[in-house]
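# Structure at a glance
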Amino acid sequence: MRKVRLDDATLQRLLTELDAQDARTTNGGGSPFFSYRIPGLRVELDVSREATHALVVPTRKLGPHGVYFLTGSLVHTDCVCRVNLVTVRNNWQTVSGKVAGCRYLPGTNGVHEVFVRFDRPIDPASFAAAATRSRILAVDDSPVSQKLYEHLLSTMNVDLTCVGDGVEAVERALADTYDLILMDLEMPRLDGLSAVRMLRAKGYVRAIVAVSALDDPEDRKQCLAAGCDDFLAKPLSRESLADVVNRNKPEPLVSALLGDPGMTDLIDGFVKDLTERIGRMEAAFGEENMADLEREARALKGEAAGVGFGAITDAAVVLERAIKRGETRDAIRLKLTDLIRLCMAARPATAGDSSTTDKKTAIDDLPEWSLDTAEP
């Protein structure tokens, strides 16, 4: 099978143009696929019962149900294959599937785009950092501002929850897991800074950004003193929001044992339980119950590395030691924050409740290619 006969610059221009075509088709959003640029991905094709053909191909995009890549010649549909996906941590996982589409790209000297549909969904964020979905709580009593958040964040791979006052913000933040809280300052029932102080007093250690049209240096200083991590001035823009979202998006943390099929259920179960464990640690810290917090850290230390999350074990060791040494509450809070960020970044082995997919099947997302069409 022929290699892709394009120099690097031409290949990158082709990939960019294909991405632009996708954006025009989806109006800039709505696709469950994410940029995935691996210059030499290994794909093994079962071309017959006796023969397997190995390809090393440049990839284009990846989703929970499949991957797109380029080849130098036609690949027949329904061909069984195995794709050696490279994770964000430079490990790899072998995923089985079938060729579901192949199209010739005119004017490319024989280059074809191939789509492989996986036999089992994957978690794309384990392989493409852009697929990590941010969970954001926006707190603002203005219906216009809430609609603006929905509009501006619609193309940023965000799971957005909006509430209208500080009381509800505190309730939601303590009941669920968010990567970021965007907190307006002036609201009924409970103002933003009071809500932040209440959350910090209860042990909430995750990111909170103050949002306000009050943007004097003194206003910013008061926000930081109350426990906010940053300040975002109104009026909001897509660029300013994207900057805040990207700074607070967790870098995907992938199990080192992702390639071991026997570990899949253990990894998924461990990641699924982390939300409750985060809640217990924050509750213990808020109640200054260091014995319970130390116990939770010790349990994580004992389990995380066993399922391939050595970074979580290391952070749990640091927290456990800080508690045993009797370090200050602020010092322990910083170490707890590091541990919780790692827990929130941990990815499952397979696509599940935390998957970025919008529940559409891969075949529904295929363009209307003339499948199995040879070059003209």
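Above this text is the structure in question.
In short, a report on the structure. Not measured: the values here are computed from a predicted model.

### Things to note about the pairing of strand S10 (residues 158-163)
Both strand S9 (residues 134-139) and S10 contribute to a ladder of 6 bridges, which runs parallel. Counterpart to Val139 in the pairing with S10 is Val163. In this region the chain leaves S9, passes through helix H2 (residues 143-152) and returns to the parallel neighbour S10; the handedness of that crossover is right-handed.

### Notes on the environment of Thr132
Positionally, Thr132 belongs in the loop between strand S8 (112-118) and S9. Sequence separation between Thr132 and Asn157 is 25 residues, and the spatial gap between their C-alpha atoms is 7.5 Å. Apart from residues lying up to four places away in sequence, Thr132 is in contact with Ala125, Asn157, Lys249, Pro250, Pro252 and Arg347.

### Observations regarding the packing of helix H9 (residues 310-324) against helix H10 (residues 329-345)
Packed helices, taken two at a time, are described by their axes: the angle between them and the distance between them. Where H9 meets H10, the axes come as close as 9 Å, and the angle between the chain directions of the two elements is 160°. Viewed along their axes, H9 and H10 adopt a mutual orientation that is roughly antiparallel. In the packing of H9 onto H10, the handedness of the crossing is left-handed. The residues of H10 that touch H9, namely those facing Ala311, Ile312, Ala315, Ala316, Val318, Leu319, Ala322 and Ile323, are Ile332, Lys335, Leu336, Leu339, Leu342 and Cys343. Considered class by class, the residues forming the contact of H9 with H10 number 13 nonpolar, no polar and 1 charged.

### Concerning the sheet that holds strand S7 (residues 92-104)
A sheet is described by the order of its strands in space; here 8 strands give the open sequence S1-S4-S5-S8-S7-S6-S2-S3, paired in antiparallel fashion. Looking at the sheet topology across the chains shown, the edges are occupied by strand S1 (34-35) and strand S3 (52-57).

### Structural notes on the pairing of strand S12 (residues 207-212)
The side chains of a regular strand alternate between the sheet's two faces. Most of S12 sits inside the fold, with 6 of its 6 residues counted as buried. Burial of S12 is two-sided: the residues Ala207, Val209 and Val211 facing one way and the residues Ile208, Ala210 and Ser212 facing the other way are all buried. Looking at chain direction, strand S11 (residues 180-184) and S12 are connected through 5 bridges and run parallel. The residue of S12 that forms the bridge with Met183 is Ala210. Read as a crossover between parallel neighbours, the route from S11 over helix H4 (residues 192-201) to S12 is right-handed. Here 4 bridges tie S12 to strand S13 (residues 230-233), and the two strands are oriented parallel to one another. Of the residues in S13, the one forming a bridge with Val211 is Leu232.

### Description of the sheet that holds S9
Reading across the sheet, the 5 strands line up as S10-S9-S11-S12-S13 and stay open at both edges, with parallel pairing between neighbours. Two strands lie at the open edges of the sheet, namely S10 and S13, each paired on one side alone. Each strand of the sheet is rotated relative to its neighbour by a mean of 25°, with strand direction disregarded. Sitting on the sheet, H2 is in contact with S9, S10, S11 and S12, with an inclination near 180° to S10.

### A word on helix H7 (residues 264-286)
Between its first and last C-alpha, H7 extends 34 Å over 23 residues, near the 33 Å set by a 1.5 Å rise per residue. The principal kink in H7, of about 35°, is found at Leu274. Every buried residue of H7 is listed here: Thr264, Ile267, Asp268, Phe270, Val271, Leu274, Arg277, Ile278, Met281, Glu282, Ala284 and Phe285. Here the buried face of H7 lies against helix H8 (290-303), H9 and H10.

### Some thoughts on the packing of H7 against H8
Contact pair H7 / H8: the axes reach a minimum separation of 8 Å and the direction vectors enclose 155°. The pairing of H7 with H8 is recorded here as roughly antiparallel in orientation. For the pair H7 and H8, the sense of crossing is left-handed. Contact residues: Phe270, Leu274, Arg277, Arg280, Met281, Ala284 and Phe285 in H7; Met290, Asp292, Leu293, Glu296, Ala299, Leu300 and Glu303 in H8.

### Concerning the packing of aromatic side chains
Tallied over the entire structure, the rule returns 4 aromatic pairs. Considering the side-chain rings of Phe270 and Phe309, the 5.7 Å spacing of their centres and the 20° angle between planes classify their relative orientation as stacked. Taken together, the residues span a long stretch of sequence, with Phe270 in helix H7 and Phe309 in the loop between H8 and H9 at a distance of 39 residues. Side by side, Phe270 and Phe309 carry an identical accessibility label, which is buried. Each member of the aromatic cluster is reached from another via a ring pair, and the members are Phe33, Tyr68 and Phe115. Sitting above the plane of the Phe285 ring, Arg329 keeps its charged end 4.2 Å from the centroid.

Analysis parameters
- Throughout, residues of each chain are indexed from 1 in the direction in which the sequence is written.
- Local features in this predicted model are restricted to residues of pLDDT 70 or higher, and side-chain atom pairs are both shown and tallied only at a pLDDT of 80 or more, whereas totals for entire chains, interfaces and linings draw on every residue.
- Only hydrogens and water are set aside when side-chain values are computed; all heavy atoms of the structure are taken into account.
- The pairing criterion for strands is at least two bridges between them, as found by DSSP.
- Counting from the N terminus, the helices are the DSSP runs of H or I reaching at least four residues and the strands are the DSSP runs of E reaching at least two.
- Throughout, right-handed denotes a crossover for which the path from the first strand over the helix to the second runs clockwise when the strands point away from the viewer.
- What makes two residues a contact is simply this: any of their non-hydrogen atoms within 4.5 Å.
- For every element, the axis is a line fit to its C-alpha atoms; helices are fit only across the contacting stretch, and the angle between N-to-C directions ranges from 0 to 180 degrees.
- Angles are sorted into four bins: roughly parallel if under 35 degrees, roughly antiparallel if over 145, roughly perpendicular if 65 to 115, and oblique for all others.
- Left-handed is the label given to a crossing in which the near helix is rotated counterclockwise from the far helix by less than a right angle, and right-handed is the label when the rotation is clockwise.
- Nonpolar residues are Ala, Val, Leu, Ile, Met, Phe, Trp, Tyr, Cys and Pro. Charged residues are Asp, Glu, Lys and Arg, and all others, Gly as well, are polar.
- A 1.4 Å probe rolled over the protein chains alone gives each residue an accessible area, and that area as a share of the maximum for its type sets the label: buried under 20%, exposed over 50%, partly exposed in between.
- How far a helix is expected to stretch is found by multiplying one less than its residue total by 1.5 Å.
- Note that the bend at a residue is defined as the angle between axes fitted to the seven residues ending at it and the seven residues starting at it.
- Stacked, tilted and edge-to-face are the three classes assigned to paired rings of Phe, Tyr and Trp, where Trp is represented by its six-membered ring and a pair needs centres within 6.5 Å; plane angles under 30 degrees give stacked, over 60 edge-to-face, the rest tilted.
- Geometrically, a charge over a ring is one whose NZ (Lys) or CZ (Arg) sits within 6 Å of the ring centre while staying within 35 degrees of the ring normal.

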